[in-house]
Amino acid sequence: GDEEDWVARPPVVTVMGHVDHGKTKLLDAIRNSNVVAREAGGITQHIGAYQIVTELEDYERPITFIDTPGHESFTAMRARGAKVTDIVVLVVAADDGVMPQTVEALNHAQAAEVPIVVAVNKIDKEGANPAKIRQQLTEYGLVAEEYGGDTMFVDVSATTRQGLDELLTAILLTADASLDLRANAEQDPQGVVIEGKLDKGRGPVATVLVQRGTLRQGDSIVAGDAYGRVRSLLDEHGNKLKEALPARPVQVVGLTSVPRAGDTFLVVEEDRVARQIADRRQARIRNAQNASMRKRISLEDLD
Ligand code: GTP
Ligand code: NA
Ligand code: MG
């Protein structure tokens, strides 16, 4: 494409950390919403993907956030080669400290060579010890800038909203310092499925992240082995969008089946082509399953 087709895109930030350390509440505080209150048992079941617009100085900059329930989806996506996130925000509760899933999360981020910003959360709580968190994380190679390292740590409270602007600033500084955030909005649209589900009323719904090109209502798409015509594109508030630019998470309604996290999607010229590609992929999956079943049976025969 032409040089002028390349435009700046928002950074994609995945929020990770140990259970109940405040990932969802922190995103709620950033977005001025209240997802935590609606979650069954306060546990995130689904991936939430949002785009917010920061107004830190005199200009506005969007950031895309992905809230993960545990790490399964992130792990699944990485195992399948999908690179979704530019930055990981590692949330650590200052009163609880580094826990097993904290370590898992940072291992994932480091293996994927994704820069990490540490949000030391719950600093409003009695017993909060943000210095101890910094100390603990040095063992894992995350050394705070104030200790001579190159990881940004920000003390925050999702409850009192303390430190939120500093956290957003740290994210944007990290993005500017270490990432090339450009995308081509004129290329053939493609991206990654970050979640698929079957909705009672709307049928298969896929939350996708557009990674290049512009996804539009009416496009014929293939996502993994699912296909269909984009009947509607919805943002995180359920508002209809006509199109989705790079780094925009959207819900796609109109697929004939439910794709999986980590599936890539692409847009094709005609419905017929979408169906052919999907059929071919389904056949390939069936063959692989049959082959592994045959292998299992022949191994059992040996016993
Ligand atoms: P999972 O999705 O289940 O892994 O949890 P999570 O990391 O998303 O944590 P969540 O946002 O559900 O918060 C867990 C609990 O901690 C909730 O009761 C929140 O109200 C509380 N909490 C989160 N952040 C803060 C904070 O900064 N201060 C205080 N005092 N409580 C907080
Ligand atoms: Na929780
Ligand atoms: Mg959560």
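Residues numbered from 1 in each chain as written. Chains lettered and ligands numbered in written order. Predicted model: local features only at pLDDT ≥ 70, side-chain atom pairs only at ≥ 80, totals over all residues.

**Describing the sheet that holds strand S2 (residues 12–17)**
With mixed pairing, six strands are arranged side by side in an open sheet as S3-S4-S2-S5-S6-S7. Each end of this open sheet is capped by a strand with a single partner; those strands are strand S3 (48–54) and strand S7 (152–155). Within this sheet the neighbouring strands show an average axis-to-axis angle of 25°, counted without direction. Across four bridges, S2 lies against strand S4 (residues 61–67) in parallel orientation. Counterpart to valine 15 in the pairing with S4 is aspartate 67. Against the sheet, helix H1 (residues 23–31) contacts S2, S3, S4, strand S5 (87–93) and strand S6 (116–121), and its axis sits at roughly 35° relative to S3. (Pairing = 2+ DSSP bridges. Helix = DSSP H or I, 4+ residues; strand = E, 2+ residues; numbered from the N terminus. Axes fitted to C-alpha atoms, helices over the stretch in contact; angles between N-to-C directions. Contact = placed C-beta atoms within 7 Å.)

**Some points on the site of ligand 1**
Close to ligand 1 lie 20 residues, the nearest being Gly22, Lys23, Thr24, Lys25 and Thr44. Looking at the shell around ligand 1 element by element, the count peaks at three residues for H1. Split by residue class, the shell around ligand 1 holds five nonpolar, nine polar and six charged. (Near = placed C-beta within 6 Å. Nonpolar A, V, L, I, M, F, W, Y, C, P; charged D, E, K, R; others polar.)

**As for the confidence of the model for the chain**
Here the chain averages 89 in pLDDT, while 94% of its residues score no lower than 70. What the predictor reports for the complex is a pTM of 0.90 with an ipTM of 0.99. (pLDDT = per-residue confidence, 0-100.)

**Examining the pairing of S5**
With seven of seven residues buried, S5 is to be regarded as a mostly interior element. Along S5, one buried face is formed by Ile87, Val89, Val91 and Ala93 and the opposite face, lined by Val88, Leu90 and Val92, is buried too. Direction of pairing for S2 relative to S5: parallel, over a ladder of five bridges. Residue pairing for S5: methionine 16 is matched across the bridge by leucine 90. Bridge analysis of S5 against S6 gives six bridges, and the strand direction is parallel. (Buried ≥ 20, exposed ≤ 12 C-beta atoms within 10 Å, placed from the backbone.)

**Comments concerning the pairing of strand S12 (residues 220–223)**
As paired elements, S12 and strand S13 (residues 226–234) share four bridges and run antiparallel to each other. Looking at S13, one finds that serine 220 is bridged to arginine 229. Where S12 hands over to S13, the hairpin turn is made up of two residues, of which glycine 224 adopts a positive phi near 60°. Pairing of S12 with strand S17 (residues 264–268), which is carried by four bridges, proceeds in the antiparallel orientation. Bridging from a neighbouring strand, valine 222 pairs with leucine 266 of S17.

**Section: the nonpolar core**
Counting residues in each nonpolar core, the largest one holds 74 residues, and the members touching the most others are Leu90, Ala119 and Val208. With seven residues, S5 is the single largest residue contributor to this core. Leave out the neighbours within four places in its chain, and leucine 90 touches Met16, Gly17, Thr102, Ala105, Leu106, Ile116, Val118 and Ala119. (Core = buried A, V, L, I, M, F, W, Y, C linked by C-beta atoms within 7 Å.)

**Focus on helix H4 (residues 130–138)**
Residues lying three or four places apart along an α-helix face the same way, a consequence of the helix completing one turn every 3.6 residues. Buried residues of H4: Pro130, Ile133, Arg134 and Leu137, and no others. With its buried residues spanning 100° around the axis, H4 presents them on a single face. Elements that come into contact with the buried residues of H4 comprise S5, S6 and S7. (Arc of directions from axis to C-beta.)

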